[in-house]
Each structure stands twice: as C-alpha cells, then as structure tokens.
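A look at the structure
The primary structure of each chain is shown beneath.
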Amino acid sequence: MLRYIIKRLLWMIPVVVGVVCIIFFLSVITPGDPVTSLVGADAPPEVREAMREKLGLNDPIYIQFVNYTVKIITRGDFGNSYITGQPVFGELMTRFPVTLKLTIASVIVALILSVPLGVVSAVKRNSWIDNASMALSLMGVSIPQFWLGLMTLLLFAVKLHLLPASGIAGISGWVLPVLMIGVGNMGNFARTTRASMLEVIQQDYIRTARAKGQTEAAVIIRHGLRNALIPIVANVGNIIGISLGGAVIAESIFSLSGVGQYMLNAINARNWPSVQGGIIMLAIAFSIIMLIMDLLYAAIDPRLKSEFRSKGRLFAKRKQKVA
Amino acid sequence: MAKLYTPAMAKIDKKKAKLKGRIQKTSPGREAWKRLRRNKLAIGGLVILGILVLIAIFANYIAPEGIDNQVLTRTLQTPSTQHLMGTDNFGRDIFSRVIYGTRISLPVGFICTFLAFAFGGVLGSIAAFYGGRADNLIMRFMDIFQSIPPLLMAIAIAASLGNGVLNLVLAISLSTTPGRSRVIRAAILTVKSNDYIESARAIGASSARQLLKYMLPNAMGPILTNFTFGVAAAILTVSSMSYIGLGITAPTPEWGSMLSSSKELMRVAPYTLYFPGLMIMITVLAINLFGDGLRDALDPRLK
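Residues numbered from 1 in each chain as written. Chains lettered and ligands numbered in written order. Predicted model: local features only at pLDDT ≥ 70, side-chain atom pairs only at ≥ 80, totals over all residues.

1. Some remarks on the overall build of chain B
A tally of regular secondary structure across chain B gives 13 helices and zero strands. In sequence order, the secondary structure elements of chain B are arranged as α-α-α-α-α-α-α-α-α-α-α-α-α. Whereas a compact globule of 303 residues would reach a radius of gyration of roughly 19 Å, chain B reaches 24 Å, over 25% beyond that. Dimensions of chain B, computed from C-alpha atoms along their principal axes, come out at roughly 80 × 55 × 35 Å. Buried positions account for 43% of the 303 residues belonging to chain B. (Helix = DSSP H or I, 4+ residues; strand = E, 2+ residues; numbered from the N terminus. Rg over C-alpha atoms; globule rule 2.2 N^0.38 Å. Buried ≥ 20, exposed ≤ 12 C-beta atoms within 10 Å, placed from the backbone.)

Given below as structure tokens:
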C-alpha cells in the first residue's frame, strides 16, 4: 500500500509540470502582445522595450518556459495582474476558498441526497419511487446548469424574495449556487448508484447473505452498498472536476468572488496572468483532490490493495507451503 | 481472392430469395434495434430528436421572421399569438430566433463530439492495440491533460483562441478528447483478446485491418452509447461557453448566447429567459433518453 501511495504522490510532479506546460503553450499561441496591455498601444518604443526586457519576453521561448515553471513551483509566483499590478497568487488565494467550498458542498450535498435514492431505486426496481427518481435524475443531468441558476434566481430571489440574489454573506446565500451545481451531480450520482447497485444485488454473495439469514437491511447496506460504492467513489473525482467548471459559472451568475468570477473578468480584460494563474491553481487543486480520491479508492477496493501489498511476501509464503 | 460459387450454393440462394420476407434475418444490430423499439422512452427521445432535426432543416419555413429582424417599435413584448415567445430588447421575435437556434446547437454539438471521438479514437486505439510502452505513454499524457477539468480546459483554449464557432468547436473537442480516448481504449481492450482477433492475425491481416475491420466494429456498442451522451454533454457545454461569452456571440441565435444577453432583462422581461433554456433542456433530454435506450439495447446484460 505504501508503495502505491508513494508512486501516486510522485506522479503529481509530472502532472503539475504538464499542466503548467499546457497553459504556457496556450499563452504562447494567444494573439496580442502583453506589452500593449501593460503600457498601452501608443507608448514610446523605449518604454515598450524596457517592459519586454522586464517581462523576459526577449529570452528564447524555452528559457521563458523554464523561468515561468520554476517561479510557479518554487514561489507560487504567477506574475502580476495587468489590471491591479498585484501578485496574482495573492489575489487568487483570497478567492480560492469560495470556489473550493462551493464545489465540495455541491458534491457532498448531492452524495447525501442521491445515493440513498439510487439504492432505493435499485432495490425497488420499476416501482413508482424508482420511476420518479430516475425521471428526476434524467432531468437533473439534462438541464443546463446556468439556466437552472438563472431560473432559481428568478423564482427565489427576484419573485419570492426568499433568498439573496448575490453574495455569500449568510448561509442562505450558498443555497442557490450549491443547488445549481448540485442538481446535475445528484442526477449523476443517483444514476450511477442505481446501475451499480443493480449489478451488485444480482451477485451470488448477496444470495449467500440472504441464505444465511441476514436481515434485508444488512444485506442491502453491508453486502450490497459497500460493494456498489466502488464505482461511485471512482465517479466522485470526475464529478468534482465537472463541479469545478460549474462553480466558475455559478460564481458569475450569483456574483460570488471566487476564482471563477476572477478568471472570467480577467478573460474579458485580456489579463492573461490572472487567467493562467486561475486555471493552473484550479487544476492543481483538482489533481490533489484526485490524489485523495485515488487513495480512498485504494482503501475501499480490496482488489487494488492486494495488488500492491508487496508481492514478494506472497511468493515466499507459497514457497514455504511447497517445502 | 477467387470466389467459389458452387451450384449447391446457388440453390441455397434461390431458396433464400424465395423465403425472403418470411424468414427474418438477424444480426446484432437488428437485435439491438428490436430491443430499442420496445423501449417507449427511447423512441420518444428519438421522435423528439427527429422533430428537432426537421425544425433545423425547415427553419426558414417555420420561423415567421429572420434571426436579426430588429423592430424598435415593438421591444420587450410579452408572449402573444403574434409573437409566441415575445420579443427581446431589440424587438426581435424570440420564437424565430429559438427556431433558428436548432441549426446551431445540434450540428455544433455533434461535430464537437465527432471530432473528440476522432482524435480520441486514434490515440485510444493505438494505445489499446499496441499496448505496452505506447499505451503507457499515451495514457499518461492523457492523465496530465485530464488534470485540468474539461470545462476549464475549454475555457482556457477558447480564451486564448478568441471567440467564434470554429474556435469553440476546437476548444470543446480538444478538452473532451482524453475522456473519449479512454472510452475507445477500454472498448477495444475488451474485444482484443477474442479468438476472432487471433484468427484474423493468423491469416495475416495487417494491423490496420485487424483494428478497423475486426476490433472497432465489435467494440462499437459502448462507443456508440458514449457518443450519444457525448453529444448531449457537448450541447450543454456549447451553451454554457456561449453564456459566459466565450463561444458563439450575438447576433447569432445560439440558445446560450441568447440567455447571456437576456440575463440583464431578468427583472423587466423574465420571459426572454424561459424558452432558449427550455429548448436546450428538451434537446439534451431527448438525446439522453435515446442514449439510455441505446445503452440498454446494446448491452442487455445491464438492464
């Protein structure tokens, strides 16, 4: 197991370098000169040249890339915002918790609400509760997130005045954004849970559990759900990725000052260091979450665990038996 | 190769021709279609989809007005018999714009998915076919690519390329390529160890022939299902990207971009927000219904 963890941790290094590389490549192909954005189009040539030198734009491209990567990895230095002149890293750090909280909350709320629903749907297959929850789940994955956000905003904030239209001053401000991202997640989780549970309850070990006189609840939860959970956990990482994207849009609809809104504003202002910083930061956060999910996955899936439980010992034991 | 056609075979063919119409030929595709036909929801989805395609083809006959017919004397009218979905702040008939929107969302969603499967298909099938080092290299590269969540990747690409349909298509298809390559790789790996692949290799089929003639057709089930869901997801992404201003921009009547320009009107004319969103939802719902049916029909074990 330790070997797996170390292997997985070391894998983070190429991932981070790779992500920085992709974003750097995108910044190279971006049309427009960053110098113009900084000093204005009609600045004298010597000012422009000084700025180019300061930004390191006169260096060969690979030197620029190495400098860029080293700065990010060693100091978290994404450069300064073209607009405010402040370091992007600091600006991102104040906004990052909002995005992370929004993403995690929407995933957790969705898990709590939809996994039981998926289990009930699978156990009581083709009942009204199955049909209703699957119809709702299908709606959940088919509705455009931003439209759901706009519609709930219209209904609960503009028409009924029940919830605030923007900001996250109190807990009530979180309800609509979390709902907006969470509904799609719910549909997704409920559908995966049902499919996975249906597969599991047809297995022989479920029949065995029933045959040895376990209560139905124990059969479903201890023998069924524990096994059905494996594909669900595998899906959680994906859903977190989708939710991070959703959070970007939710922040723009509900005017929450998270990384997403910061990035979208930066895109409109052609403020590239902020855009790149935001994407790299979210990608690294996502990779760390994926790492945690993978370790969790390894912990609950005994097959993976046994694969990495040092193989040498297994052979040694067998040899002893032969002897 | 010379064809051996014996009189006995000719006799059988004659018999077959006689019995045509009475004997049902069967193939996996036909069997799947039979199962799909029994699934009312899937057929419902297919019918809605068919209607949407017809609307897209005949949009210029259905829509009472053009897409950018600005009449400033009739701005922000609520839905009426004259303007089924009302008019927007430029006095344009929203119904006409929504109808023309089918001409954008459906093909763009389809093309994005198709390209993602084409890129991903090449990478995924090379990885699955050759295995070993090629597989490791390609899939690790995809891992890195995938550590940027798809929508963020699409935003990053679209932001650096700029607005426009072509850039949007490129952004969405590239950002979903890793996921698709995984699907194709997994699908090919499941059929790779079959005996018929070995016999194809034994009779000297080239790599390309093994892959295209024997592996891909047999791995088509999960790929088709995933493709259908992919189109639905792509349509949602296209509209989200246009909504945040990184895709198709006004005055093109893309549903997401229509919602984007209507969001300021939420307090004065909320009805401008209803219909484009509803259309996205109906389209995606229809595709997902069909996809669900397709999955159950192609893999009856799961049902």
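From this point, the narrative continues.
2. Examining the overall build of chain A
Helix and strand content of chain A: 15 helices and zero strands. Radius of gyration (C-alpha) of chain A: 25 Å, far over the 20 Å computed for a compact globule of 323 residues. Across chain A, contacts joining residues at least 24 apart in sequence account for 72% of those joining residues at least 6 apart. (Contact = placed C-beta atoms within 7 Å.)

3. What to know about helix α9 (residues 195–202) of chain B
Of all eight residues in α9 of chain B, zero are buried, a share of ten percent or less. One or two steps after α9 of chain B, the chain reaches G204 of chain B, where phi turns positive at roughly 85°.

4. So, the interface of chain B and chain A
Taken together, the contact between chain B and chain A spans 33 residues of the former and 41 residues of the latter. Among the elements of the structure, α6 (132–146), α7 (150–161), α11 (220–243) and α13 (271–298) of chain B are those that each provide at least two residues to the side of chain B that touches chain A. For the side of chain B that touches chain A, the class distribution of residues is 24 nonpolar, seven polar and two charged. (Nonpolar A, V, L, I, M, F, W, Y, C, P; charged D, E, K, R; others polar.)

5. Some points on the environment of L198 of chain A
Secondary-structure assignment places L198 of chain A in helix α9 (residues 172–200). In this view, L198 of chain A contacts A122 and R125 of chain A; residues no more than four positions away in its chain are not counted.

6. Examining helix α8 (residues 145–159) of chain A
Compared with the 21 Å implied by 1.5 Å per residue over 15 residues, the 20 Å span of α8 of chain A between its first and last C-alpha is a close match. Of all the bends in α8 of chain A, the largest measures some 30° and sits at L153 of chain A. Those residues of α8 of chain A not exposed but buried are Q145, F146, W147, L148, G149, L150 and L153 of chain A. Elements that come into contact with the buried residues of α8 of chain A comprise α9 and α11 (216–253) of chain A together with α11, α12 (255–262) and α13 of chain B. The positive-phi residue at the C-terminal boundary of α8 of chain A is H161 of chain A, with phi of around 55°. (Expected span 1.5 Å × (residues − 1). Bend = angle between axes of the 7 residues up to and from the residue.)

7. Regarding the confidence of the model for chain A
On average, residues of chain A carry a pLDDT of 85, and 93% of them reach 70 or more. Across residues 310–323 of chain A, confidence stays below pLDDT 50; counting only partners more than four residues off in sequence or on other chains, it has zero contacts. (pLDDT = per-residue confidence, 0-100.)

8. Topic: the domain arrangement of chain A
All names here are of chain A. What the domain assignment lists for chain A is domain 1 (13–75) and domain 2 (92–322). Each of domain 1 and domain 2 was reduced to a C-alpha centroid, and the two centroids are 36 Å apart. In this complex, domain 1 contributes eleven residues to the contact, which on the side of domain 2 involves eight residues. Breaking the side of domain 1 that touches domain 2 down by element, the ones donating at least two residues are α2 (12–29) and α3 (34–39). In terms of residues, the side of domain 1 that touches domain 2 owes the most to one element, α2, which gives six residues. Residues that form the side of domain 1 that touches domain 2 fall into these classes: seven nonpolar, four polar and no charged. (Domains from an automatic or database assignment.)

9. Some remarks on the packing of helix α5 (residues 94–130) of chain B against α13 of chain B
Geometrically, a packed helix pair is captured by the angle between its two axes and the distance between the axes. Residue and element names in this part refer to chain B. Running from N to C, α5 and α13 cross one another at 30°; their axes reach a closest spacing of 10 Å. Classed by the angle they form, the pair α5 and α13 counts as roughly parallel. Considering the relative orientation of α5 and α13, their crossing is right-handed. Contacts between α5 and α13 involve I94, V98, G101 and S105 on the former and, on the latter, T272, F275, P276, M279 and T283. Among the residues forming the contact of α5 with α13, the class breakdown is five nonpolar, four polar and no charged. (Axes fitted to C-alpha atoms, helices over the stretch in contact; angles between N-to-C directions. Parallel < 35°, antiparallel > 145°, perpendicular 65-115°, else oblique. Left-handed = near helix turned anticlockwise from the far one by under 90°.)

10. A word on the confidence of the model for chain B
In regions of low pLDDT, the predicted coordinates are not meant to be interpreted in detail. Here chain B averages 89 in pLDDT, while 96% of its residues score no lower than 70. We note a pTM of 0.88 for the whole complex and an ipTM of 0.87 for its interfaces.

11. So, the packing of helix α3 (residues 40–57) of chain B against α13 of chain B
Residue and element names in this part refer to chain B. It is the contact of α3 with α13, at a shortest axis distance of 7 Å, that shows an interaxial angle of 140°. As judged from the angle between their axes, α3 and α13 are oblique. The crossing of α3 and α13 is left-handed. Two secondary-structure elements touch here, α3 through L41, A42, G44, G45, L46, I48, L49 and L52 and α13 through I282, T283, A286, I287, L289, F290, D292, G293 and L294. Here the residues of the contact of α3 with α13 are counted per class, giving twelve nonpolar, four polar and one charged.

12. A closer look at the nonpolar core
One recurring pattern in soluble globular proteins is that nonpolar side chains are buried together. Counting 145 residues, the largest nonpolar core has V19, M263, I279 and I280 of chain A together with L152, A154 and A158 of chain B as the members making the most contacts within it. Ranked by the residues each element gives to this core, the list is headed by α11 of chain A, at 15 residues. Residue contributions to this core reach at least three from each of two domains, namely domain 1 (13–75) and domain 2 (92–322) of chain A. (Core = buried A, V, L, I, M, F, W, Y, C linked by C-beta atoms within 7 Å.)

13. With respect to the environment of A190 of chain A
All names here are of chain A. Its place among the elements puts A190 in helix α9. A tally of 28 C-beta atoms within 10 Å means that A190 is categorised as buried. Sequence separation of A190 and L117 is 73 residues, and the distance between their C-alpha atoms is 6.3 Å. Not counting residues within four places of it along the chain, the set of residues in contact with A190 comprises S114, L117, G118, S121, S133 and S137.

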